[in-house]
Amino acid sequence: MSAVTEAVPAIKLTERIGRIEPSATMAVVAEAEKLRQQGVEVVDLSVGEPHFSTPQHIKEAAIAAIHSNFTKYTAAQGTAELRDAVAKRHALDFDSDYRREEAVISVGGKHVLFNAIQVLVDHGDEVIVPVPYWVSFKDIVCYAGGKCVFVETDEARGFRLTADMVARALTPRTKLIILNSPSNPSGGVMSPEDQTEVMRLAAQRGIWVLSDECYVYLNYTGKQFSLGALRECRERLVIAGSLSKTYAMTGWRMGFALAPAPVAGAMAKLQSQSTSNPTSIAQKAAVAALTGPQECVEEMRKEYVMLRDHVLKGLHAIHGIKCSKPEGAFYVYPNISAFFGRGGVKSPADFAGRLLREAHVATVPGEGFGTGEHIRVSYATSMKELDRGLERLRKFVASL
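Here the structure is a predicted model, which means the values were calculated and not measured.

The rules behind these values
- Residues numbered from 1 in each chain as written.
- Predicted model: local features only at pLDDT ≥ 70, side-chain atom pairs only at ≥ 80, totals over all residues.
- Heavy atoms only, no water.
- Helix = DSSP H or I, 4+ residues; strand = E, 2+ residues; numbered from the N terminus.
- Rg over C-alpha atoms; globule rule 2.2 N^0.38 Å.
- Buried < 20%, exposed > 50% of the residue type's maximum accessible area, 1.4 Å probe, protein only.
- Contact = heavy atoms within 4.5 Å.
- Pairing = 2+ DSSP bridges.
- Axes fitted to C-alpha atoms, helices over the stretch in contact; angles between N-to-C directions.
- 1 Å grid on protein atoms, 1.4 Å probe; cavity = no way out; pocket = protein on both sides within 12 Å on 5 of 7 lines; lining within 4 Å.
- Points joined across faces, edges and corners; volume = space filled by probe spheres on them.
- Nonpolar A, V, L, I, M, F, W, Y, C, P; charged D, E, K, R; others polar.
- Polar contact = N/O pair within 3.5 Å; in protein donor to acceptor, adjacent residues only side chain to side chain.
- Patch = residues over 30% accessible without salt bridge, like charges linked within 9 Å, V, L, I, M, F, W, Y side chains within 5 Å.
- Areas by Shrake-Rupley, 256 points an atom, 1.4 Å probe, with all protein chains shown as cover.
- Salt bridge = Lys/Arg side-chain N within 4 Å of Asp/Glu carboxyl O.

For the rest of this paragraph, the subject is the overall build of the protein chain. Regarding its fold elements, the protein chain presents 12 helices and 12 strands. Computed over the C-alpha atoms, the radius of gyration of the protein chain is 22 Å, within 12% of the 21 Å expected from 2.2 N^0.38 for a compact globule of 400 residues. Dimensions along the principal axes, computed over C-alpha positions, put the protein chain at roughly 80 × 60 × 55 Å. Counting all 400 residues of the protein chain, 55% fall into the buried class. The long-range share in the protein chain, meaning contacts at least 24 apart out of those at least 6 apart in sequence, stands at 75%.

Now the structure itself:
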């Protein structure tokens, strides 16, 4: 007698998880790691992560927290001490005026952005997203049920977003404008004047602005600026900040929001039902970062400028590659479309994939950032690694 087996029904997942894709940057990290496990020496120019170590005084604060048994739960929105430190640091550096109840501490800057968009964007709401965009903006908006309205920037002008570009994209359904200056991936910097004009226009129309300040301290124009200085518009502004890039604390997962108290409260409520509080030990380290000596921030910024200029010189020496000069962050965004049609290369994904597999240089293809002619190269590494990567890139394109 034969056994009768019933067909196993297909696993059905929610519609909302189908709206999003895995992070393009994390996909490259995973592929590069597979090669390393096979013994391949990969030059990794893909990861948006400082090559510096976390400053010593920050590490010591975390160690002290452990020894003093500061290892329990905290308030979901973070400790009062850290929220005060965030507000004070921002006030000192950008002339803002936030209170403790307007600050929320989250598990990294990405978590801040996710929480903010979840509490501000409903199904069908339109969200202005400049292109190129950081990989997660589009997917976080889609997960919330929003509709991205993409605003193309001009490569010839350094991918600089202007107020006029934003104004032309507004409709009666616009709920939120996302600004990211300096920008990941392009390094483009929006002028304080254009940011101010966008903020005032948004406030007049009852539209929210979400200002991603992840790279705000890596601005090389000499015009350090935050929309938080516009106190008269703050009721329509959410600032998303991060300690990851400023203090070389990527693995600590420390981000913060500055927002009107009702929005901050809603973000804390959402967080209380997802991650609960950020790690207690990391919060003590963050207090040390924000209240301690700040010379480390300027030292890292100066080295990034040198690395930027070095990688630009190397890229410009490779025939066929075009690259605008970024004014912030730690990425260059070279145009590699001159190589399309050579050796079967038809897209940035083809180019970056073959560059990794054949030349063992990891970069991120532009499709993940909304463009079809670029790759993102991180110069947050040593001069030696940059030179190795550039030489491998030169030989790779010569072989196409």
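Turning our eyes to something else, we now look at the sheet that holds strand 4 (residues 147-152). Taking strand neighbours across the sheet as the criterion, the 7 strands line up as 2-8-7-6-5-3-4 in an open arrangement whose pairing is mixed. Sheet topology places strand 2 (103-106) and strand 4 at the edges, where each strand pairs with a single neighbour. Going across the sheet, the axis of each strand differs from the next one's by a mean of 20 degrees, ignoring polarity. Relative to strand 8 (residues 255-258), strand 2 runs antiparallel, the two being bridged by 4 bridges. Within the sheet, the bridge partner assigned to Val 104 lies in strand 8 and is Ala 257. Relative to the sheet, helix 7 (residues 192-205) contacts strand 5 (174-180), strand 6 (208-212) and strand 7 (237-242), its axis offset from that of strand 5 by approximately 165 degrees.

With that settled, the discussion passes to empty space enclosed by the protein. One pass over the structure, following the stated rule, counts 4 cavities of 30 Å³ or more. Its boundaries defined by the atoms lining it, the largest cavity holds a volume of some 170 Å³. For the largest cavity, the lining is made up of 20 residues, of which Pro 130, Phe 159, Leu 161, Asn 180 and Ser 183 are closest to its centre. Of all elements in the fold, only strand 3 (126-131) and strand 5 reach the threshold of two or more residues within the lining of the largest cavity. With 3 residues, strand 5 is the single largest residue contributor to the lining of the largest cavity. Looking at the lining of the largest cavity residue by residue, the classes come out as 12 nonpolar, 7 polar and 1 charged. Taken as a whole, the second largest cavity spans an internal volume of roughly 130 Å³. What lines the second largest cavity is a set of 14 residues, and nearest its centre among them are His 90, Tyr 217, Ser 242, Phe 256 and Leu 290. Listing elements by their share of the lining of the second largest cavity, those giving two or more residues are helix 3 (80-94) and strand 7.

Let us now look at the side chain of Arg 376. Assignment of secondary structure puts Arg 376 in strand 12 (residues 375-378). Of the polar contacts made by the side chain of Arg 376, one reaches the backbone oxygen of Ser 46; its length is 2.6 Å.

A cluster of nonpolar side chains, Ile 11, Leu 13 and Ile 17, forms an exposed patch at the surface whose accessible area comes to about 350 Å². Inspection of the secondary structure assignment puts Ile 17 in the segment before helix 1 (24-37). For Ile 17, a relative accessible area of 40% translates into the label partly exposed.

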